[in-house]
Amino acid sequence: MDNYNDDLYPLALLMDELKHDDVSNRVEAMQKLDNIAIALGPERTLKELLPFLNDVAQDDEEEVFAVLASKLGDFIPLIGGHEHCEPLIQILTILASMEEPIVRDKAIDSLNKIAEDLTKEEINGIFLTLIRSLSQGNWFSKKIASCGLYKAVIVRVNAPTRKDLLNLYLKLVTDDYPMVRRAAATNLPRIINLLTEFTEKNPSDSNKINNEDWEIISKMFQHLINDDQDSVKFLSIDVLIAILEFFQKIHETSFNSDFLTSALKLIKDESWRVRYTAADRFTKIAANFTSEESDLFQLIEPFIALMKDNEGEVRKAIAKQLPSFCQLLTKYPSSRTIVLTKIIPVVNELSQDAQDNVRASLASTITGLSPILERQATIDKLLPIFLVMLKDEFPDVRLNIISNLSVVDETIGINLLSTNLLPAITELAQDYKWRVRLAIIEYIPKLANQLGESFFNDELLSLCMSWLWDPVFAIRDAAVNNLKELTVIFGSNWANTEIINRLLNNDDKIDDDDKIDYSNFIIRITCLFAITKLIPVIDYPIIIKKVLPFINSLITDGVPNIRFNVAKSYLLLVQTFVANKNKLPVKDDELRKLVNLEILSNLEKLQNDEDVDVRFYSSKSIQGINELMA
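What you see is a predicted model; the values in this text were computed from it and never measured.

Residues of helix α6 (residues 86–96) that are buried include every one of Leu88, Ile89, Ile91, Leu92, Thr93, Leu95 and Ala96, and no others. Elements in contact with the buried residues of α6: α4 (42–56), α5 (62–72), α7 (101–117), α8 (120–135) and α9 (140–147).

The next subject is the nonpolar core. Of all hydrophobic cores here, the largest spans 227 residues; its most connected members are Leu95 and Phe127. By residue number, the principal contributor to this core is helix α29 (residues 434–451), which donates 10 residues.

Two elements in contact, helix α35 (residues 540–552) and helix α36 (residues 560–579), have axes separated by 11 Å at closest approach and are oriented at 165°. As summarised for this structure, α35 and α36 are arranged roughly antiparallel, according to the angle between their axes. Handedness of the α35/α36 crossing: left-handed. Here Tyr540, Ile543, Ile544, Leu548, Ile551 and Asn552 of α35 lie close against α36, whose contacting residues are Val566, Ser569, Tyr570, Leu573 and Phe577. Among the residues forming the contact of α35 with α36, the class breakdown is 9 nonpolar, 2 polar and no charged.

What follows covers the packing of aromatic side chains. The full count for this structure, using the stated rule, is 21 aromatic pairs. Judged by centre distance (5.3 Å) and plane angle (55°), the ring pair of phenylalanine 247 and phenylalanine 255 falls under tilted. Seen from their ring centres, phenylalanine 247 and phenylalanine 259 are 5.4 Å apart, and the 40° between their planes marks the pair as tilted. Linking phenylalanine 247 in helix α14 (residues 236–249) with phenylalanine 259 in helix α15 (residues 256–267), this pair joins segments that are 12 residues apart in sequence. Of the two residues examined, phenylalanine 247 and phenylalanine 259, each falls in the buried class.

Next up on the list: the packing of helix α10 (residues 159–173) against helix α11 (residues 178–201). Packing of α10 against α11 leaves a shortest axis separation of 9 Å and a crossing angle of 150°. With respect to their mutual orientation, α10 and α11 come out roughly antiparallel. Contacts from Arg162, Tyr169, Leu172 and Val173 in α10 reach Val180, Arg181, Ala183, Ala184, Asn187, Leu188, Ile191 and Leu195 in α11. A per-class count over the contact of α10 with α11 returns 9 nonpolar, 1 polar and 2 charged.

Definitions and limits used
- Residues numbered from 1 in each chain as written.
- Predicted model: local features only at pLDDT ≥ 70, side-chain atom pairs only at ≥ 80, totals over all residues.
- Heavy atoms only, no water.
- Buried < 20%, exposed > 50% of the residue type's maximum accessible area, 1.4 Å probe, protein only.
- Helix = DSSP H or I, 4+ residues; strand = E, 2+ residues; numbered from the N terminus.
- Contact = heavy atoms within 4.5 Å.
- Core = buried A, V, L, I, M, F, W, Y, C linked by side-chain atoms within 4.5 Å.
- Axes fitted to C-alpha atoms, helices over the stretch in contact; angles between N-to-C directions.
- Parallel < 35°, antiparallel > 145°, perpendicular 65-115°, else oblique.
- Left-handed = near helix turned anticlockwise from the far one by under 90°.
- Nonpolar A, V, L, I, M, F, W, Y, C, P; charged D, E, K, R; others polar.
- Phe/Tyr/Trp six-rings, centres within 6.5 Å; stacked < 30°, edge-to-face > 60°.

What follows is the structure in structure tokens.
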């Protein structure tokens, strides 16, 4: 009797928790559904749990339904296999028919997951019956649900059945309810892509896509592009792309003129939402018309019209497509002149657009035109635009230009770029937006590598050092990393002369007024961070002569944060010595003596510090050093 009660316990517990007044408790209970099914075993899950869940699916809150719908998708192994799937599908059908989108979508996802485990016979039996029932349902939510299920079966049925399914889907595309047409249009590209993949992989299969199928799909597309609802019509652009990609893969171009007419109609549509979607997918559309110069060139004027569109969102979207579309044009030699004479003047207008987000969008892509236009055209046409955008009042515009300047380097060379941009870079280095300053810092090593040591020291070194004292920690941290990268480029001696001497006030060229004031805690810890970061990339004599004495001087610092970072620095010192043991100018015994006398002895002092964090990091460093030296 006790065993019987134990067996009933998981189900009784779930039933009890699902009666709780608080919906969050019921959701939490439903999250444990798979564990309860495992505890019950396949037979009892099938006979007891699923009938109970069938009742729950008709009487609870949407939050509970959503979890239930999601969990049931993984239930096939828990009920003993796909042959027992029918009660599972029945529950999910109830959930998929609900009006709440999140419940419906999760139920559809679970049904599609279950379909993957079904045999062909089960697909043709249970699943097709479900799709037909939902597609011909008397309520819009059932029809919407059916739209998401066709992709699970469309390539797993024979040609006659597929034709029937496509005709049924055509009715959904032409349904009276806009919500149903929208759902059908949303799912249609995936169906076409599946048919494309199937035909590509099985070119000799008798069930590959045929002309009758294409006639039905063509009718669907024509209905969609002529739909009176913008929320449906804009989805036809993805359908067009899916159709175009199919014909591209089978190398069939005889229908291109018809497709181009449809594309131009959508691009010039009265609705801004349709134009926006066309602008957002412009390169994807154009990529399917590159086989004929005349077809591709017919898209140039519509592209320019979208750049001049009266809706800011459309201009923003088309600006993103600028380099990729121009790249497509380069397939034909005459296009370079068209880009220079027709597109670049409009780009210039966009760079001064009234809307900030349009200029920011353009700034993120305009540098991609440099390799397309080549050196002289970039200098003459693009460089002036860059300079204007670098002074833009909107920080994202400046940031996007700076972040993408490396593309321009490769085209016109860093010397010319730096000569023109150096004033702008210097100005942006003090920008009030810290992210702009951060972008400049990240660009500096690339500039330094190309400019050479002398030019860099004269023009940019002071700027790099000034970032160490920035009020924002992220900038100070980036500045420290920047100094390490510059040391890798210019070498250890450069770091000693230009960085370490300045940080330690050892530079004779520095006036007393310009020397670093170590009374400030932030300045002391930043100097410690900077010098510690340099340890792996500078020579041993510099470490012993300058770095180690500086670190030693801070073990009695009044701020615990500095003392425990000293403990961390000692560990890094020894890690660097051990990693470069074969290159060091001292013998192993001398190194051990140095570590014991100068490093471990100081760490032992810190191990007795009054601050708990200092003691922790000191002990951790001692342990790490002992392991390294063992």
